[in-house]
Every structure is written in structure tokens, then in C-alpha cells.
Amino acid sequence: MNELDIRTIRSSIEKINTLPTIPNVLKKLLKMLENPATSLNDIGHFISHDPIITTKVLRMINSPIYGFPGRIYSVNQAVILLGLNVVKGLLLSVSVYDLMKKVMMGLWEHSLACAITSRLMAKKKGLKEPEESSIAGLLHDIGKVALILQFQGYYETAMSTADKKNIPIMDAEKELFNINHATAGEWMAEKWSFPRNLIEIIGYHHKPHISRNFPVETSIVHLADILVRGRGFGFAGDRTVPPVNETAWALLNLSNNDIKEILKELEESMGMANELFIE
Amino acid sequence: MPKITVDRLVVGMCLAEPITNEHGLVLINEGIELTEALIEKIKNLRIESVKIKGDSKPEETKEEMILALEERFKYAISYPHMDTIKKIIKEHIERLYE
Ligand SMILES: [Fe+2]
Ligand SMILES: [Fe+2]
């Protein structure tokens, strides 16, 4: 059977949570997320009972990724303030952080910058929960982690193709796997019981015009990705800025000055975030 | 000017912006060199981060940065709006060196 048959790829990606490289905490967390009865309280307990997770969560909350005014000192305070979806996303980000750093140099920095940019853009567009956009920005390329974990050799081939032909990595992925990392990410997010909005944003961040329920949120991550690559923060598998989707561009309708301000704040925040997260 | 979180402050750093209370009154002026006591005071104010003086210019030269930018945009530059996006980023990068 062909290893790169689309069904084989999908089932490999859906099996990722069983890999020995996946840390136990993440496995436990995924079990909890699977259960629809899991409450905010359960998640609060889960965090507080693990001092390492507690530290990581508090560090992440107080970083420019989320940009809360004032500091958050306790898990309880965080859980009350942030609500279930954001806390879930926060925990996922904390757990995926090590994985991301392990598989691709620069992917974490790319994701971090996208998280900050997405939040700033969400604020500009007056979205009610800009923190949700932080999480989406942070996790949007999780499909790359999935593909590398299961098909490292092939993924390296895709990266060299992108490099040689000077094409975006997602086109090279598509040539080789018949899907790109957005689809891989969507499969993984579905299997991992991510919140609905997150699944859709991950799946459509390179074709935001197809997003049905979260077109603005998806367009935000789409454009954030382009700005971050354009600015040159991090590395996401290629050296090429992909074209912006026209529907997304029109929908967001940002002025040149809006973008200028976002870049300026991103720049300052990256200085601070780098200190926190990039050793 | 780098913005850093309060827990990373070290004696000897210099404030690049004054620290104010919620009404905008200056509590600690810019240019002040931080002492142990001042850092303690800042921590008690429960602010997230402060701007400190220092070189935050990128490691690459401006020319290198611009060249890399041109390279990154080569593939998509003929697509709609990409020229605008590139121009905004280019101006942004140039401002980093002012
Ligand atoms: Fe992507
Ligand atoms: Fe990306």
C-alpha cells in the first residue's frame, strides 16, 4: 500500500496522540478535551496540580501573546478571567510549544509572531475576544508539526522542493502529499477535539474565503501569517511570502496606517517575547 | 527600545519611558537608573512591562534586511496588494534603523 495515499496520511495524523514523542501531560489533556463534560473547574485542577504546567501557563498568560493589562498571578484568577475556550487553547499552546521547537527551527518564533499579530489585528477589528485570535495564531501551522512527526523524510523533500523552485511550502506539500499542512492541521485539530472555531481557522488559513462560520477570524490569521513572513520573523518551512487572498484582504479592510501600527507593536512585543521563549 | 517584563528587570537598567499611575502622573521618571529598591517598587505597581533604554536595532544591516525582503516577496509580488504590503513592511524596516 502506498504510504502517501490520502487515507493512510489521514490515519497516521489521527494516530499522533499515541506516539511516544507526545508528552504524557498532553495525552492526559487530550483525554480531558475529548470528554464534553469536562468543566472549567476540572481544567483548573489539572493545571494547579502540576507545578511545571502552572508556571508555563502563567508565563504564557503574562506574555505579549495575550497582552492582558496587569499581571495574572494565579491559575484560579486566570480560569475565571479567561473562560473555557481560552484556557483550553492556552493549555494546548503550552503543551505544543516543546513539540514545535523540536520539529522545526523557527516554527515557534513564526507562530509566536502570528499570535501577537493576530491579536493586534483582532483588537483593531473590534473582536470581542482577541485572546482567541492569539491562540489561533499560535496553533495555525500545527499541521506542519503533524506532517513532520509522521513523515519527516518526505517533509524534508517538500522543503527542498520549495527552496529549489522558490515556491511556497504549501504548494510543495500539495505536490507531494496531495494535501497541505492546513488540511493536516484540521484533521489533527478535529481528532484532538479542539474548539470549533480553532478547527475552522486552522483548516482554512490559506483559503480564508471558504471559511463559513469564522471568516473574519480566519482572514486575520491568514494576513498575520503573511505580515510575519514578510517581516521575516521565524521560519515556517520556506523563504517565500505567499500571496494574500483577495476576499480576506477586502473583508479586513485595514488601512496602510493600521498595518503600520500593528507592525510597530509586533516589533516591540517580539523583543519582549523572545526573551521569554526563545533560548 | 526593548520592552521587557517586570520580572526581568536588573539593577543598572535605564528607563526609556516614565512609569505613570493610572491617571498619567509620573511615578518614576525616564532616564532613571534602576536600583534594587526601585525594581521592588515597580513590581508592587503590578505593571506588566516597561521600556528600557538600550540598542534594539536588529543584528543585520539595513541593506541585508532590505535585500532579504526583496527576495521573500519575489514569488508573490505580481499578485494583488502584495506590492502595498511589501511597501509598508519596507518602510517599517527602515524605521528600525532611524
Ligand atoms: Fe500555514
Ligand atoms: Fe504560518
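See above for the structure.
Since the structure is predicted, the reported quantities are computational estimates derived from the model, not experimental observations.

Rules of the game
Residues numbered from 1 in each chain as written. Chains lettered and ligands numbered in written order. Predicted model: local features only at pLDDT ≥ 70, side-chain atom pairs only at ≥ 80, totals over all residues. Heavy atoms only, no water. Contact = heavy atoms within 4.5 Å. Buried area = accessible area lost by both parts, 1.4 Å probe. Salt bridge = Lys/Arg side-chain N within 4 Å of Asp/Glu carboxyl O. Polar contact = N/O pair within 3.5 Å; in protein donor to acceptor, adjacent residues only side chain to side chain. Helix = DSSP H or I, 4+ residues; strand = E, 2+ residues; numbered from the N terminus. Nonpolar A, V, L, I, M, F, W, Y, C, P; charged D, E, K, R; others polar. Buried < 20%, exposed > 50% of the residue type's maximum accessible area, 1.4 Å probe, protein only. Axes fitted to C-alpha atoms, helices over the stretch in contact; angles between N-to-C directions. Parallel < 35°, antiparallel > 145°, perpendicular 65-115°, else oblique. Left-handed = near helix turned anticlockwise from the far one by under 90°. Donors = N, O, S within 2.8 Å, 3.2 Å for Na, K, Ca; no water.

A. Region of interest: the interface of chain A and chain B. Listed per partner, the contact involves 37 residues of chain A and 30 residues of chain B. Carbon and sulfur atoms supply 61% of the area that chain A and chain B bury against each other, a total of about 3,000 Å² over both sides. Connecting chain A to chain B are zero salt bridges. For the pair chain A and chain B, the interface holds seven residue pairs in polar contact (both at pLDDT 80 or more). Contributing elements (two or more residues each) for the side of chain A that touches chain B: α12 (215–231), α13 (246–252) and α14 (256–277) of chain A. The class makeup of the residues in the side of chain A that touches chain B is 17 nonpolar, nine polar and 11 charged.

B. Region of interest: helix α10 (residues 181–191) of chain A. Residues and elements named next belong to chain A. Among the 11 residues in α10, nine count as buried, and that is most of the element. Listed as buried for α10 are H181, A182, T183, A184, G185, E186, W187, M188 and A189. For α10, the secondary structure elements touched by its buried residues are α1 (6–14), α8 (142–165), α9 (169–177) and α11 (196–204). A distance of 2.9 Å separates the backbone nitrogen of A182 from a side-chain oxygen at the start of α10, and that oxygen is part of N180.

C. A look at the packing of helix α7 (residues 130–139) of chain A against α11 of chain A. Residue and element names in this part refer to chain A. For the pair α7 and α11, the least separation of the axes is 10 Å and the interaxial angle reads 45°. It follows from the interaxial angle that α7 and α11 lie oblique. In the crossing of α7 with α11, the sense of the turn from one axis to the other is right-handed. Contacts between α7 and α11 involve E132, I135, A136 and L139 from the former and N197, L198, I201 and I202 from the latter. Here the residues of the contact of α7 with α11 sort into six nonpolar, one polar and one charged.

D. Representation of the coordination of the iron ion (ligand 2). All names here are of chain A. Here the iron ion (ligand 2) is held by the protein donor atoms H110 (NE2), H140 (NE2), D141 (OD) and D225 (OD), which lie 2.1 to 2.2 Å from it. Sequence spacing of the donor residues for the iron ion (ligand 2), all on one chain, is H-x29-H-D-x83-D. Between the iron ion (ligand 2) and the iron ion (ligand 1), the interatomic distance is 3.5 Å, and D141 donates to each metal, bridging them. Taken together, the residues span a long stretch of sequence, with D141 in the loop between α7 and α8 and D225 in helix α12 at a distance of 84 residues.

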